[in-house]
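# Per-entry structural report
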Amino acid sequence: MATPDLDPDLLRAFVAVAEYRSFTRAATMLNRTQSAVSMQIKRLEERLGVALFIRTKAHVDLSASGEALLGYARRILLLNQEAVDRLREHKVEGLVRIGVMDDYGSLVLPPLLSNFASNYPGIHVEMETGLTAHMPQRLGEAFDLVIAMHPVGEGGGDIGHDGPHGS
């Protein structure tokens, strides 16, 4: 006998009913009718050969099998979403220029940029480290982002500085 497939649409309905403890609220969240969600749960239960919910007039609770499936269902849906997002993200391309003080550039940003690069391989990051006193004036011209500190009581920060890349 073949292993039944766990259809993401059926899992989405299952997770919604499990989270809302209501077929009606789950249907609203999924933009479906209550009967459509009930049919999806019935199909999932038939595929797996187990009851996933204990239904009463007042409550919808997870059965032991439902409790066992819930964590897997969430992980499957999350992995599915990650795969779709990853493939879509790869279409993002460009250049980001960062100016940053030495400590952040050598200690804080490398692990963050490594993670960023693996998630957005089409984005090239150029980083200049050093004294940041004059970097903010070059924002929009030489940098898309500047991370700088200033002495207490002197100056502030700017977000969305006007320049070729800002507004």
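Here, the structure is the one placed above.
The following refers to the structure shown. (Residues numbered from 1 in each chain as written. Predicted model: local features only at pLDDT ≥ 70, side-chain atom pairs only at ≥ 80, totals over all residues. Heavy atoms only, no water.)

## A closer look at the environment of Arg 43
Note on placement: Arg 43 falls in helix H3 (residues 34-48). Along the primary structure Arg 43 and Asp 7 are separated by 36 residues, whereas in three dimensions their C-alpha atoms are 10.0 Å apart. (Helix = DSSP H or I, 4+ residues; strand = E, 2+ residues; numbered from the N terminus.)

## As for helix H1 (residues 8-20)
Compared with the 18 Å implied by 1.5 Å per residue over 13 residues, the 18 Å span of H1 between its first and last C-alpha is a close match. Taken as a whole, H1 has its buried residues at Leu 10, Leu 11, Ala 13, Phe 14, Val 15, Ala 16, Val 17 and Ala 18. Two to three positions downstream of the cap, the backbone nitrogen of Asp 9 sits 2.8 Å from a side-chain oxygen, assigning the N-cap of H1 to Asp 7. Within two residues after H1, Arg 21 carries a phi angle of roughly 55°, on the positive side. (Expected span 1.5 Å × (residues − 1). Buried < 20%, exposed > 50% of the residue type's maximum accessible area, 1.4 Å probe, protein only. Polar contact = N/O pair within 3.5 Å; in protein donor to acceptor, adjacent residues only side chain to side chain.)

## Quick notes on the environment of Ser 63
Topologically, Ser 63 is positioned in the loop between strand E2 (60-62) and helix H4 (64-89). Discounting chain neighbours no more than four positions away, the residues touching Ser 63 are Ala 51, Leu 52, Phe 53 and Ile 54. (Contact = heavy atoms within 4.5 Å.)

## Let's talk about H3
Between the first and last C-alpha of H3 there are 21 Å, a value that for 15 residues agrees with the 21 Å anticipated at 1.5 Å per step. Among all positions in H3, only Val 37, Gln 40, Ile 41, Leu 44 and Glu 45 are buried. End-on view of H3: buried residues confined to an arc of 135°, all on one side of the axis. Gly 49 sits one or two residues past H3 and shows a positive phi near 75°. (Arc of directions from axis to C-beta.)

## Considering the pattern of salt bridges
A complete count under the given rule lists 5 salt bridges for this structure. Between Arg 12 and Asp 9 there is a salt bridge, with its nearest N and O atoms 3.8 Å apart. Placement of the pair is Arg 12 and Asp 9 together in helix H1, with a separation of 3 residues, close to one helical turn. Of the residues examined, Arg 12 reaches a relative accessible area of 35% and is grouped as partly exposed. A residue is classified by how much of its surface remains accessible, and Asp 9, at 37% relative accessible area, is partly exposed. Between Asp 144 and Arg 97 there is a salt bridge whose closest N-O contact spans 3.0 Å. Here Asp 144 is found in the loop between strand E4 (123-129) and strand E5 (145-147), whereas its partner Arg 97 is found in strand E3 (residues 94-100), with 47 residues between them in sequence. Residue Arg 97 is classed as buried on the basis of its relative accessible area, which comes to 14%. (Salt bridge = Lys/Arg side-chain N within 4 Å of Asp/Glu carboxyl O.)

## Details of the sheet that holds E5
What the 3 strands build is an open sheet, ordered E4-E3-E5; its pairing is parallel. Strands with a single pairing partner mark the edges of an open sheet, and in this sheet they are E4 and E5. Neighbour-to-neighbour, the strand axes of the sheet open up by a mean angle of 20°, direction not taken into account. In this structure, E3 lies alongside E5, joined through 3 bridges in parallel fashion. Among the inter-strand pairings, Gly 99 is bridged to a residue of E5, identified as Val 146. Relative to the sheet, helix H5 (residues 102-119) contacts E3, E4 and E5, its axis offset from that of E4 by approximately 170°. (Pairing = 2+ DSSP bridges. Axes fitted to C-alpha atoms, helices over the stretch in contact; angles between N-to-C directions.)

## Thoughts on the pairing of E4
Note: E3 against E4, 7 bridges, orientation parallel. Pairing of Gly 94 across the sheet is with Ile 123, part of E4. Crossover handedness for the path E3 to H5 to E4: right-handed. (Right-handed = clockwise from strand over helix to strand, strands pointing away.)

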